[in-house]
Amino acid sequence: MASPMRSLLTDPARYVQSFRLFLANSTEHQCMQEFVERQLPAVIASIGNGKSTINILSVGGGAGEIDLLILSKVQARYPGVTINNDVIEPSPDQILKYKERVAETSNLGNIKFTWHEETAYEYESRMNAEKKSKKWDFIHMIQMLYYVKDVPATIRYFHSLLEAQAKLLIILVSGVSGWATLWKKYSSSFPLDDLCSYVSSDDIKRLLDSAGLKYQIHELPSHMDITSCFIEGDKDGELLLDFLTETYEFSKTAPPELKRHVMEELRKPECSEKRDGKVLFNNNLSVIVIEP
């Protein structure tokens with residue numbers, strides 16, 4: 001009897017391993033870097049006007065790769081201004097990597113880093129318990145809304161912490177990505193528990209429209225090489241499949257029928273394109289910038 005399917009998030013070490021492989025095999029960070037280089041300066045152009053200190057909150061900051069790029073743009077826009085950069089990140093492994101990255105990076109003298117090893121919900125609960133409602137000049141939530149229990153409540157809470165000229169920036173998978181196709185069809189078959197939920201930019205747009213909030217949206221083209229997923233027994237392919245399905249050891253624990261359907265789906269043009277003998281999964285992202 002095959003062991004039952006369980007969420008990839010029940011094994012944090014394998015999750016981080018599969019996530020790092022995903023980053024290595026995809027243009028995820030490259031397309032975010034391009035956005036930060038080209039379009040972020042306009043987004044943050046007035047967040048610190050007239051301020052001697054700028055307060056930034058990174059929700060789910062991970063290992064800090066993108067955070068440090070964002071901070072360099074804030075520094076460029078507001079030279080010499082003190083920046084408080086608070087990071088909410090539940091993974092001690094990721095926080096350690098973040099701290100190492102900060103230690104290796106020069107020109108961070110005017111930035112004060114504070115790490116909170118907790119989830120977004122734990123942070124909110126703690127602030128409420130301490131009767132604190134610190135306001136922020138810039139809040140970003142990059143690729144983390146899948147891991148919160150209540151997406152609308154999470155956005156509402158962090159939006160309520162914005163200063164008058166602040167911005168809330170969200171990055172997550174686009175409604176036209178392979179993720180959206182795969183998860184719409186199969187998320188009910190994956191063992192998501194309450195650790196992970198399927199959400200795309202389409203869901204967030206609907207939510208913001210119904211709340212009457214003003215926002216801009218930018219689409220970022222991105223892909224991930226999943227060729228190894230189709231090589232039986234390939235270790236990297238198995239890890240990437242785990243990441244795609246958010247399932248621990250998907251290749252070994254999924255019912256054969258489900259595995260066959262998922263593998264077929266991954267090859268379809270709605271999910272992937274074939275290029276130079278490779279299968280490239282559509283990893284398109286959306287950046288949503290919300291006004292106070």
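Note that the structure is predicted; figures quoted are calculated from it, not measured. (Residues numbered from 1 in each chain as written. Predicted model: local features only at pLDDT ≥ 70, side-chain atom pairs only at ≥ 80, totals over all residues. Heavy atoms only, no water.)

Asker: Looking at this model, I keep getting lost on the sheet that holds strand 8 (residues 272-275). Mind explaining?
Answerer: To summarise the sheet geometry, strands pair through backbone hydrogen bonds and adopt either a parallel or an antiparallel arrangement. Pairing within the open sheet is antiparallel, and its three strands lie in the order 7-9-8. Looking at strand neighbours, the two that pair on one side only are strand 7 (223-225) and strand 8, the edges of this open sheet. Sheet twist, expressed as the mean angle between neighbouring strand axes with direction ignored, is 30°. Both strand 8 and strand 9 (residues 278-282) contribute to a ladder of four bridges, which runs antiparallel. The residue bridging K274 from the neighbouring strand is V279, located in strand 9. (Pairing = 2+ DSSP bridges. Helix = DSSP H or I, 4+ residues; strand = E, 2+ residues; numbered from the N terminus. Axes fitted to C-alpha atoms, helices over the stretch in contact; angles between N-to-C directions.)

Asker: Explain the UniProt feature "binding site: substrate" (unreviewed entry) in the protein here, please?
Answerer: Annotation from UniProt places "binding site: substrate" (unreviewed entry) at E28 and N283. A maximum C-alpha distance of 7.3 Å among these annotated residues, which run over 256 residues, shows that they cluster at one spot. Tracing the chain through its elements places E28 in helix 2 (residues 28-38). Not counting residues up to four positions away in its chain, the partners in contact with E28 are F22, L23, Q143, S222, N283 and L285. In this fold, N283 is placed in the loop between strand 9 and strand 10 (285-290). Not counting chain neighbours up to four residues away, the residues in contact with N283 comprise F22, S26, E28, W179, S222, H223 and M224. (UniProt positions renumbered as here; feature names shortened; annotations may be inferred. Contact = heavy atoms within 4.5 Å.)

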